[in-house]
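Below, each chain spelled out in residue letters.
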Amino acid sequence: MAVDLFSPIHLGSISLKNRIAMAPLTRNRAGEGNVPQDINVTYYAQRASAGVIITEATPISDMGHGYPATPGIHSGAQIAGWKKVTDAVHAKGGKIILQLWHVGRISHPSLLPENALPVAPSAIKPAGQAFTYQGLTDFVQPRALALDELPAIVADYVQATKNALAAGFDGVEVHGANGYLLDQFLRDSTNKRTDNYGGSIENRARLLLEVVKAVADVASADRVGVRISPLNQFNDISDSAPQVLFNYVAKELSHLDIAYLHVVEGSMVEGAAIDFDFLALRKQFKGAYIANLNYDKATGNAAIAEGRADVIAYGKAYIANPDLVERFAQNAPLNAADQSTFYGGGEKGYIDYPAL
Ligand code: 8OZ
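Criteria and thresholds
- Residues numbered from 1 in each chain as written.
- Predicted model: local features only at pLDDT ≥ 70, side-chain atom pairs only at ≥ 80, totals over all residues.
- Heavy atoms only, no water.
- Helix = DSSP H or I, 4+ residues; strand = E, 2+ residues; numbered from the N terminus.
- Buried < 20%, exposed > 50% of the residue type's maximum accessible area, 1.4 Å probe, protein only.
- Contact = heavy atoms within 4.5 Å.
- Salt bridge = Lys/Arg side-chain N within 4 Å of Asp/Glu carboxyl O.
- Near = heavy atom within 4 Å.
- Polar contact = N/O pair within 3.5 Å; in protein donor to acceptor, adjacent residues only side chain to side chain.
- Areas by Shrake-Rupley, 256 points an atom, 1.4 Å probe, with all protein chains shown as cover.
- Expected span 1.5 Å × (residues − 1).
- Phe/Tyr/Trp six-rings, centres within 6.5 Å; stacked < 30°, edge-to-face > 60°.
- Lys NZ or Arg CZ within 6 Å of the ring centre and 35° of its normal.
- Axes fitted to C-alpha atoms, helices over the stretch in contact; angles between N-to-C directions.
- Left-handed = near helix turned anticlockwise from the far one by under 90°.
- Nonpolar A, V, L, I, M, F, W, Y, C, P; charged D, E, K, R; others polar.
- Pairing = 2+ DSSP bridges.
- Right-handed = clockwise from strand over helix to strand, strands pointing away.

Colleague: Report on the overall build of the chain, specifying residues and quantitative values.
Modeller: Within the chain one finds ten helices and 14 strands. Taken along the three principal axes of its C-alpha coordinates, the chain extends 55 × 45 × 40 Å. Across the 356 residues that make up the chain, the buried fraction comes to 58%. Taking the intrachain contacts of the chain between residues at least 6 apart in sequence as the baseline, contacts between residues at least 24 apart amount to 72%.

Colleague: Residue-level account of the pattern of salt bridges, with values.
Modeller: Inspection of every chain in the model, using the stated rule, returns twelve salt bridges. In this structure, Arg187 and Asp183 form a salt bridge, with 2.5 Å as the shortest nitrogen-oxygen distance.

Colleague: Could you give me a rundown of the site of the ligand, with the residues and numbers involved?
Modeller: Residues in contact with the ligand, as listed here, are Thr26, Ala57, Tyr67, Trp101, His175, Asn178, Tyr180, Phe234, Met268 and Tyr343. Here an oxygen atom of the ligand and a side-chain polar atom of His175 are 2.7 Å apart. For the ligand, an oxygen atom lies 2.9 Å from a polar atom in the side chain of Asn178. Within the complex, 89% of the 300 Å² of free accessible area of the ligand lies under protein.

Colleague: Please provide a residue-by-residue account of helix 3 (residues 150-166), values included.
Modeller: In this model helix 3 runs 25 Å from its N-terminal to its C-terminal C-alpha over 17 residues, within 8% of the 24 Å that 1.5 Å per residue would give. When helix 3 is considered as a whole, its buried residues turn out to be Leu150, Ile153, Val154, Tyr157, Val158, Ala160, Thr161, Asn163 and Ala164. Looking at the packing, one finds that the buried side of helix 3 touches helix 2 (76-91), strand 5 (96-101), strand 10 (171-175), helix 4 (181-186) and helix 5 (201-219).

Colleague: Provide a residue-level description of the packing of aromatic side chains, including the pertinent values.
Modeller: Two measures describe an aromatic ring pair: the distance that separates the ring centres and the angle between the ring planes. Tallied over the full model, the rule gives twelve aromatic pairs. Between Tyr43 and Tyr350 the ring centres are 4.1 Å apart and the planes differ by 15 degrees, which places this aromatic pair in the stacked class. Highlighted residues: Tyr43 in helix 1 (residues 38-46) and Tyr350 in the segment after helix 10 (324-330), separated in sequence by 307 residues. Between Tyr67 and Trp101, the ring centres sit 5.5 Å apart and the planes meet at 20 degrees, which makes this aromatic pair stacked. On the criterion of sequence distance, the pair formed by Tyr67 in the loop between strand 4 (52-59) and helix 2 and Trp101 in strand 5 is long-range, its members being 34 residues apart. Like Tyr67, the residue Trp101 is buried in the burial classification. Grouping aromatic residues by their ring pairs yields a cluster made of Tyr67, Trp101, Phe131, Tyr180, Phe342 and Tyr343. Seen from the ring of Tyr197, Arg206 lies directly overhead, with NZ or CZ sitting 6.0 Å from the centre.

Colleague: Account for the packing of helix 5 against helix 6 (residues 242-255), with residues named and values stated.
Modeller: Two elements in contact, helix 5 and helix 6, have axes whose closest approach is 10 Å; the angle formed by their N-to-C orientations is 35 degrees. Handedness of the helix 5/helix 6 crossing: right-handed. On the side of helix 5, the interface is formed by Ile201, Glu202, Arg204, Ala205, Leu208, Leu209 and Val212, while helix 6 contributes Val244, Leu245, Tyr248, Val249, Glu252 and Leu253.

Colleague: Explain the packing of helix 3 against helix 5 residue by residue, including any values.
Modeller: Interhelical geometry of helix 3 versus helix 5 gives an angle of 35 degrees and a closest axis separation of 9 Å. Crossing hand, helix 3 versus helix 5: right-handed. On helix 5, the residues touching Leu150, Val154, Tyr157, Val158, Thr161, Lys162 and Leu165 of helix 3 are Leu207, Glu210, Val211, Ala214, Val215, Val218 and Ala219. Looking at the contact of helix 3 with helix 5, its residues break down into eleven nonpolar, one polar and two charged.

Colleague: Which residues make up unusual backbone geometry, and what are the values?
Modeller: Its identity is not glycine, yet Ser220 carries a phi of approximately 80 degrees, on the positive side. Inspection of the secondary structure puts Ser220 in the loop between helix 5 and strand 11 (224-228). We note that Asn331 has phi near 50 degrees; this positive angle belongs to a residue other than glycine. Turning to its location among the elements, Asn331 is positioned in the segment after helix 10.

Colleague: Tell me about the pairing of strand 11, and please be specific about residues and values.
Modeller: Of all the five residues making up strand 11, five are buried; the element is thus mostly covered by neighbouring parts of the structure. Burial along strand 11 is two-sided: Val224, Val226 and Ile228 facing one way and Gly225 and Arg227 facing the other are all buried. Taken together, the four bridges between strand 10 and strand 11 define a ladder with parallel strand orientation. Directly across from Val174, in strand 11, lies its bridge partner Val226. Taken together, the four bridges between strand 11 and strand 12 (residues 260-264) define a ladder with parallel strand orientation. Bridged to Gly225 within strand 12 is Tyr260. Remark: the strand 11/helix 6/strand 12 crossover connection has right-handed handedness.

Shown next, in the form of C-alpha cells:
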C-alpha cells in the first residue's frame, strides 16, 4: 500500500502512529513564573491523536525569553508543569517533543532579568517591535555575545534538555529557525562576527552544530530534531546564499545522526519569493524530513507519496482542530482559526474549538 499521512513511521527511536505532526505554536498562555498550567495540559491532551506534538517554542534560560507568558524549561516549577502535559499526552497514546528556544535579539529588556539587553551574534537592531507586557515596543540594539560566553549558551541547551527528559518528553527539537538566536548566527544579515563563529558558512553554522551535538550527547541523537527556515524573513532576517548555507547545515546535521530535520519551506512574511530547492536540501540529510508551511491534506499526502517529506507539520489547522487526524481521516470540514485569539488570553480560542 502507498504511504500517506496515516502510515506509521519512526523519527529516530520515537514511533509515530501517523505522519501528522502538530507544529510548534506560540500561544502565550503560560501561568505565573512562565509555568505550564492546567489549560496548557488540556490543550495538548486534546491534540494527542497527532503522530507527534512539537510543543510551542520553550525558552531554555531567563535570557532566552522574548515574549510574554511563554512556558520555560529552566525552573523546577516549569519542569513539574510540563510533566503534567507529557503525562496527559502519553495517557492518550500520544508522543510529544519539546522545542528548545533562545530568542537572541528578538526580545526586550522588560522581558529579561534586571532589564538586561538582549544578546545576539552581532549588535544589530531588528526592524520592528517586540511584544512586551506593556504592548508593542520598538526593538533595541542587542549586545553582541563575547566568544567566551558561548559555552554557557551551549550549557543552557544541555541543562534544558536534561530538564525536558525529566519532564517526560519523548525528544527535543532545537529551534534553529525563524530569526531567533541560532538562526541569527546562521544567516549573514545578522551575523557580522569576525571570530570562529562568523564569516564563512562553516563558522556561522558552528554554534548550531555545537548545540545539537551537546544536546544529542545527553538526549541520544535518535531523540533529537532540528528546525530550520532557509527562506523565512520573519524577525527581519535573511541570507545572501541560503541554498549553500542550509545544504551545508543539513549535511552536517546528518553526520550527527539526529532523528529528523524540520523545515519551514517558505517565508511567514509576504514578499519576495526566493528560489530554493528543498529536495536538494533534503537529499543532504539521511534522517526523517518534516515539512511545514501551508500544507493541507492533499498536498501533505502528495509530498509523502512523492518522497519529498516523511511527516507533515500542521500549525494553524491544529490551533482550530484538536481532532485534525480524525477530520482528515473522515474528510470532514475543518474549523476556521480565529486570529484574534492566537497569542495570549485564556480558554477562548485555545481549548474551546470543538471536536467532531
Ligand atoms: C509567532 C509569534 C511568536 C513566536 C516562531 C516562536 O516563529 C515563534 C513565534 C511565532 O518560531
